[in-house]
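Given next are the chains, with one letter for each unit.
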Amino acid sequence: MKFVPGKGLLDGEEVVAEFDVRVLTIYYFISQTGKRVKKAYDIEATTFDGEKLDVQRVSNLQNLSYFDLWPQIIDAGLDRKQKKGLLLRLQQTSRKAKIVKRLLIESNGFFVLEDEQHILTLGDVVLEDSKTDIEIVTPENIIRLRWKPHHNQMVFPISECAKDYLNVCPGVSEILFSGMLLAAAKPFFIEAGYNPAVCINVFGRTASYKTSLVKAMLYPQKQVDFIASLINDRIPNTVRRIQECYGFPFVLEDYHPAESRDKNNHQINMIDAAVRCIENNKESAVVFVTSEYLGGAESLQGRTLQVEIEKSKVDLNILTELQRKSHLMSQIVYSFIAELFKNREAVVGDIRMEYESLLMNGERLRIDESGGYLQIVAKLYEKYECNSDIEFSSKLQEALITQKKRQQKNMMTLSLREDERYIKALYEAIHDESIYSYKDENNYEFTKTEITFRDRACILTKAALKYGLEKHLNMKVNMKKVASILDEEDLLKHDAGTYMTKYKERRVYCIYIDPLKALYECITGKR
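The model shown is predicted, which means the values in this text are computed figures rather than measured ones.

Reading guide: rules and limits
- Per chain, residue numbering runs from 1 following the sequence as it is written.
- In keeping with the model being predicted, local features are shown solely for residues with a pLDDT of at least 70 and side-chain atom pairs are shown and tallied solely at 80 or more, while totals for entire chains, interfaces and linings include all residues.
- By convention in this description, side-chain values take in all heavy atoms of the structure and omit both hydrogens and water.
- One side-chain nitrogen of Lys or Arg within 4 Å of one carboxyl oxygen of Asp or Glu is enough to make a salt bridge.
- Only DSSP runs of H or I covering at least 4 residues are called helices, and only runs of E covering at least 2 are called strands; the numbering of each starts at the N terminus.
- Only protein chains enter the accessibility calculation, which uses a 1.4 Å probe. A residue is then buried if its area is under 20% of the maximum for its type, exposed if over 50%, and partly exposed in between.
- Each pair of strands is called paired provided DSSP finds at least two bridges between the two strands.
- Axis definition: a line fitted to C-alpha atoms, over the contacting stretch in the case of helices. Angles run 0 to 180 degrees between N-to-C directions.
- As used here, the term nonpolar core means buried Ala, Val, Leu, Ile, Met, Phe, Trp, Tyr and Cys residues forming a set that is joined through side-chain atoms within 4.5 Å.
- Throughout, a residue-residue contact means that at least one pair of heavy atoms, one from each residue, lies within 4.5 Å.
- Small angles under 35 degrees read as roughly parallel and large ones over 145 as roughly antiparallel, with 65 to 115 read as roughly perpendicular and the rest as oblique.
- Note on convention: the crossing is left-handed when the near helix lies turned anticlockwise from the far helix by less than a right angle, right-handed when the turn is clockwise.
- Put simply, Ala, Val, Leu, Ile, Met, Phe, Trp, Tyr, Cys and Pro go in the nonpolar bin, Asp, Glu, Lys and Arg in the charged bin, and everything else, Gly too, in the polar bin.
- Here a pair means two rings of Phe, Tyr or Trp (six-membered ring of Trp) with centres within 6.5 Å. Their orientation is stacked below 30 degrees between planes, edge-to-face above 60, and tilted elsewhere.
- Each ring is checked for a lysine NZ or an arginine CZ that lies within 6 Å of its centre and within 35 degrees of its normal; such an atom marks a charge sitting over the ring.
- What the arc measures is the spread of directions leading from the helix axis to the C-beta atoms.

Caption draft 1: Spatial organisation of the pattern of salt bridges. Applying the stated rule across the entire model yields 21 salt bridges. Between Lys-342 and Glu-339 there is a salt bridge, with the nearest N and O atoms lying 3.3 Å from each other. Taken together, the residues span about one helical turn, with Lys-342 and Glu-339 both in helix α11 (residues 328-342) at a distance of three residues. Relative accessible area serves as the criterion here: at 62%, Lys-342 is assigned to the exposed category. For Glu-339, a relative accessible area of 24% translates into the label partly exposed.

Caption draft 2: Region of interest: unusual backbone geometry. Glu-253 connects to Asp-254 through a cis peptide bond whose omega is 10 degrees. Looking at the element boundaries, Asp-254 is found in strand β14 (residues 249-255). Phi at Asp-455 takes a positive value of approximately 50 degrees, unusual for a residue other than glycine. Overall, Asp-455 belongs to the exposed group, its relative accessible area being 70%. Its identity as a non-glycine residue notwithstanding, Arg-456 has a phi of 60 degrees, on the positive side. Secondary-structure assignment places Arg-456 in the loop between β18 (450-454) and β19 (457-460).

Caption draft 3: Layout of the sheet that holds strand β9 (residues 118-122). Taking strand neighbours across the sheet as the criterion, the three strands line up as β8-β9-β10 in an open arrangement whose pairing is antiparallel. Lying at the two open borders of the sheet, with one neighbouring strand each, are β8 (109-112) and β10 (125-128). Neighbour to neighbour, the strand axes of the sheet diverge by 20 degrees on average, direction disregarded. Of the strand pairs in this sheet, β8 and β9 are connected by four bridges, and their pairing is antiparallel.

Caption draft 4: Here's a closer look at the nonpolar core. Grouped together as the largest cluster of nonpolar side chains are 96 residues, with contacts concentrated most on Phe-177, Phe-188, Leu-252, Ile-337 and Tyr-381. Sort the elements by how many residues they give to this core and helix α5 (residues 173-191) lands first, with 11 residues. In this structure, Ile-337 is in contact with Leu-120, Leu-122, Leu-127, Ala-184, Ala-185 and Phe-188, ignoring residues within four places of it in sequence. Of all hydrophobic cores here, the second largest spans 39 residues; its members include Ile-430, Ile-451, Tyr-467 and Leu-486.

Caption draft 5: Fine view of the pairing of β19. Going residue by residue along β19, you find Ala-457 and Ile-459 tucked away on one face and Cys-458 and Leu-460 tucked away on the opposite face as well. Both β18 and β19 contribute to a ladder of three bridges, which runs antiparallel. Across the sheet, residue Arg-454 finds its bridge partner in β19, namely Ala-457. Between the antiparallel neighbours β18 and β19 lie two residues, among them Asp-455 with a positive phi of about 50 degrees. With four bridges joining them, β19 and strand β21 (residues 506-512) adopt antiparallel strand pairing. When the bridges of β21 are listed, Ala-457 appears paired with Tyr-512.

Caption draft 6: Molecular detail of the packing of helix α6 (residues 210-217) against helix α10 (residues 316-324). Between α6 and α10, the least distance of the axes is 9 Å, while the angle of their chain directions is 45 degrees. In terms of their interaxial angle, α6 and α10 are classed as oblique. You can see that α6 and α10 cross each other, and the crossing is left-handed. Side by side, α6 and α10 meet where Ser-212, Leu-213 and Ala-216 of the first sit next to Leu-319, Leu-322 and Gln-323 of the second. Among the residues forming the contact of α6 with α10, the class breakdown is four nonpolar, two polar and no charged.

Caption draft 7: Layout of the side chain of His-118. Here His-118 is to be found in strand β9. With near-sequence residues (within four places) excluded, His-118 lies in contact with Phe-111, Val-112, Leu-127, Glu-128, Asp-129, Glu-191, Phe-341 and Arg-344.

Caption draft 8: The packing of aromatic side chains, seen in detail. Counting across every chain of the model gives 18 aromatic pairs. Note on Phe-189 and Tyr-373: the rings are 5.9 Å apart at their centroids and 80 degrees apart in plane angle, and the pair reads as edge-to-face. Remark: Tyr-373 occurs in helix α13 (residues 366-386) and Phe-189 occurs in helix α5; sequence separation between them is 184 residues. Among the aromatic residues, ring-to-ring pairing joins Tyr-165, Phe-177, Phe-336, Tyr-381 and Phe-392 into one connected group. The side chain of Lys-38 reaches across the aromatic face of Phe-29, ending 5.4 Å from its centre. The side chain of Arg-57 reaches across the aromatic face of Tyr-27, ending 4.0 Å from its centre.

Caption draft 9: Expanded view of helix α7 (residues 235-244). Every buried residue belonging to α7 is among Thr-238, Val-239, Arg-241 and Ile-242, and all of these are buried. Down the axis, α7 shows its buried residues gathered within 160 degrees of arc, on one side only. Looking at the buried side of α7, the elements it contacts are β13 (227-229), β14, α8 (261-280) and β15 (286-291).

Caption draft 10: Focus on the sheet that holds β15. Spatially, five strands are ordered β13-β14-β15-β12-β16 in an open sheet, and the strand pairing comes out parallel. Single-partner strands in this sheet number two, and they are β13 and β16 (305-308). The sheet shows a mean angle of 20 degrees between the axes of neighbouring strands, taken without regard to direction. In terms of strand pairing, strand β12 (residues 199-203) meets β15 through five bridges, oriented parallel. Looking at β15, one finds that Cys-199 is bridged to Val-287. Contacting β13, β14 and β15, α7 crosses the sheet at an angle of about 150 degrees to β14.

The following block contains the structure:
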């Protein structure tokens, strides 16, 4: 068959139709399993006078309505023979049509095609272990998540960039840095047969530079895609987004115990839902929580790695530089993942070997397992990216040991009854010089950071008692409950009808030290 303008589509001397149709391109759309799931055809029409119409895509060549595709073509008068002839024309031209294979990406992770080719997608990053004629199609909801730095952002050497992230807050930044690397490297752990369900709670007092450090370290290119508000966002939407951010970090910001019990419960329930999500869905983000502290949710704290930021440890010069060059983390992660992918089989083997070495020895806490995954990714970074010149794994191990001791101490406190918890905290706070300064009676000024003593009793204001307990426990305290517990244990010298007494014309708490010490020793088993 051939088409002649002014005559139409001809089969020999017979006119098949007064217009022409041709298949230009055949598309094979391939699922993530590597199987062909459907075809599509780009077809072009030419009118009687030779005008070429816009190319249209159809999923089937049978029973086409040419008028629906091109209103310029009138096909109502076509008989059965003409329709059959047009179908034959499409089939003939399809033999010489361009073939395009497209892989339809539906989520991040590893994919293996029929020819054993491996592909890794992480948002806008697509890595292939060999060249192929397959086009990779990534939808907007995935490609908007960005690890790949712009070319004009590239800075070298990578190891120098990494040192700043490790040194900005010693004892904390090593953990955050490894958490970021783990988020992107998670597909390799899943390939090795493990699910690194890691949730890190980054907490610190107000003005400890917690928020500034988190923003400098924990967000890739576009913050809004990787963050949810613990107060304002809905739990189902947040859980869905955590799953969509597989291969990336996700931050739940910003936990504050609320006056309303409903709001407080909403925050705890969202954190719990996030942790359950990453435990039950291996293809999910590494979750970070930012907070001043994490209340008294004992079971939840046992399933998260608690990392405390201290203001005095933050290097403001480095932090300022990291804030100015916010794209550096994306560059570091992109380079790291590219190296892991080049050595995919060796990396999977290393993960299995390190896991058995670190985590298979006897009973372990959930927080030990989280720390183990972070140590594995640190070893991978040293081996495949920048050797050991930055002492990453050794610094990380020291940071994890320190934070684990703090967390275990906090977990032990949470396991106590409420009255025991307050008594233990009060005794330790009174003897903690980082919380209170000790003043003689002549120099005592009733501030919240000062205490004084008289006749084997500790004297402090209500604000000081509240400050000391909250700083030591890292949680809000109910002062009415605290006063009631101290009174029930006969620890208070007080006036009638109140828990307080008058000292230098001011109302203060007067706490007997010797019975407080006896109760403390009973609680801690020292007696």
